[in-house]
Amino acid sequence: MTVLPGNALQREGLSSAQPLDAAASFKFHCHPGVPCFTDCCRELELALSPYDVLRLRKSLSLSANDFLERYAIIEFGPDDLYPKVYLTMIDDGRASCPFVDPSTGCRVYADRPSACRTYPVGRGVSLDEQGTLHEQFILLHEEHCHGFAEEQTQTIANWQDDQQSKEYNRFNDLLLPLLKPAADSQSLVRFSDEQATLYIDTLYNLDLFKKKYLPDYALSADDQPALLSHALNWLLLQWQPAS
Ligand code: SF4
Ligand code: SF4
């Protein structure tokens, strides 16, 4: 199973992660009345996918460069296969998300990252040798989360609809051929430093990508998803000869 960046939410206190059948149901409901409201927006490592950044920038009306400078930490350590972009948390003793409001919740709710949408469902994807994408799911249960004590029954399908996560999944899945260049390969390939820089500059800094490679591409604010699609295809073409 390959877990893509947009599904990566890491936090201490994860008490269980159980495989979840695609048709299975589970009890869960999150709402402002739960005693743990917004607890999950603190002390977490929140990895952002390129589409997460695009949506957050839209919500905040920020250029790509300004968003990366103000809200992102880019890490590419010796054990990392590819660079990861994390949301910078606030130094308030609880490492809170910069967008959390204790009483009203998420200030960027309509454009919150995919990891915030999918919890408590974790989604992994893989490509088979024919290039067909396969999904697998797990149910994550954090100690502090009271959402499982609620009576509302969910299925993966209605949870994804409710959270409007399918567009996020669609864009995040497009990363898979970049992270795993050969469909029949069992393992991911570590990026070179040059690839890591190109990956970030192309997919996370769309303004830079457009300026360098598509200077004449007419673009309205609503065309950012189309620009990200261009960037993904462009990067894939750059790397195809090496795969
Ligand atoms: S983006 Fe919103 S939902 Fe996600 S951690 Fe921050 S405040 Fe919570
Ligand atoms: S119920 Fe779970 S997901 Fe909802 S606010 Fe509480 S900890 Fe977060």
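Structure: see above.
Student: Got a sec to walk through the overall build of the protein chain? Specific residues and values, please.
Tutor: In terms of regular secondary structure, the protein chain is built from 9 helices and 11 strands. Taking all 243 residues of the protein chain together, 44% fall into the buried category. Here the protein chain has roughly 12500 Å² of accessible surface; of this, 50% comes from carbon and sulfur atoms.

Student: Let's hear about the site of ligand 1: which residues, and what values?
Tutor: Lining the immediate surroundings of ligand 1 are C41, C97, F99, V100, C106, V108, P113 and C116. Among the residues forming the shell around ligand 1, the class breakdown is 8 nonpolar, no polar and no charged.

Student: How would you summarise the pattern of salt bridges if you had to cite specific residues and measurements?
Tutor: Under the counting rule described, the total for this entry stands at 10 salt bridges. The closest approach of N and O atoms between E135 and R123, which form a salt bridge, is 2.7 Å. Highlighted residues: E135 in strand β10 (residues 133-142) and R123 in strand β9 (residues 121-127), separated in sequence by 12 residues. The partly exposed category is assigned to E135, whose relative accessible area is 39%. For R123, a relative accessible area of 4% gives the class buried. It is possible to trace a salt-bridge network through shared partners that takes in R55, K58 and D111.

Student: Describe the nonpolar core, and please don't skip the residues or the numbers.
Tutor: One finds L48, F67, L87, Y199, L203, Y204 and L228 to be the most contacted residues of the largest nonpolar core, which totals 41 residues. Examining the composition of this core, we find that 7 residues originate from one element, helix α9 (residues 224-239), more than from any other. A domain split of this core shows at least three residues from each of domain 1 (5-173) and domain 2 (193-242). L20, V121, F137 and F148 belong to the second largest nonpolar core, which has 12 residues in total.

Student: Report on the site of ligand 2, specifying residues and quantitative values.
Tutor: Every residue lining ligand 2 is accounted for by F28, C30, V34, C36, F37, T38, C40, Y119, H144, C145 and G147. The residue makeup of the shell around ligand 2, split by class, is 8 nonpolar, 3 polar and no charged.

Student: Can you break down the packing of helix α8 (residues 206-213) against α9 residue by residue, with the values?
Tutor: When two helices pack together, their arrangement is given by the angle between the helix axes and the distance between those axes. In contact at an axis separation of 10 Å, α8 and α9 are set at 65 degrees when each is read in the N-to-C sense. Judged on the interaxial angle alone, α9 and α8 are roughly perpendicular. In the crossing of α8 with α9, the sense of the turn from one axis to the other is left-handed. Along the contact surface, α8 presents L206, F209, K210 and Y213, while α9 presents Q224, L227, L228, H230, A231 and W234. Classifying every residue of the contact of α8 with α9 by side-chain character gives 7 nonpolar, 2 polar and 1 charged.

Student: An account of the packing of helix α7 (residues 193-203) against α8 is requested, with residue identities and associated values reported.
Tutor: For the pair α7 and α8, interaxial distance at closest approach is 5 Å and the crossing angle is 95 degrees. Classed by the angle they form, the pair α7 and α8 counts as roughly perpendicular. Residue-level contacts link L198, D201, T202 and L203 of α7 to L206, L208, F209 and Y213 of α8. Along the lines of polarity and charge, the residues of the contact of α7 with α8 split into 6 nonpolar, 1 polar and 1 charged.

Cut-offs applied
- Residues numbered from 1 in each chain as written.
- Chains lettered and ligands numbered in written order.
- Predicted model: local features only at pLDDT ≥ 70, side-chain atom pairs only at ≥ 80, totals over all residues.
- Heavy atoms only, no water.
- Helix = DSSP H or I, 4+ residues; strand = E, 2+ residues; numbered from the N terminus.
- Buried < 20%, exposed > 50% of the residue type's maximum accessible area, 1.4 Å probe, protein only.
- Areas by Shrake-Rupley, 256 points an atom, 1.4 Å probe, with all protein chains shown as cover.
- Near = heavy atom within 4 Å.
- Nonpolar A, V, L, I, M, F, W, Y, C, P; charged D, E, K, R; others polar.
- Salt bridge = Lys/Arg side-chain N within 4 Å of Asp/Glu carboxyl O.
- Core = buried A, V, L, I, M, F, W, Y, C linked by side-chain atoms within 4.5 Å.
- Domains from an automatic or database assignment.
- Axes fitted to C-alpha atoms, helices over the stretch in contact; angles between N-to-C directions.
- Parallel < 35°, antiparallel > 145°, perpendicular 65-115°, else oblique.
- Left-handed = near helix turned anticlockwise from the far one by under 90°.
- Contact = heavy atoms within 4.5 Å.

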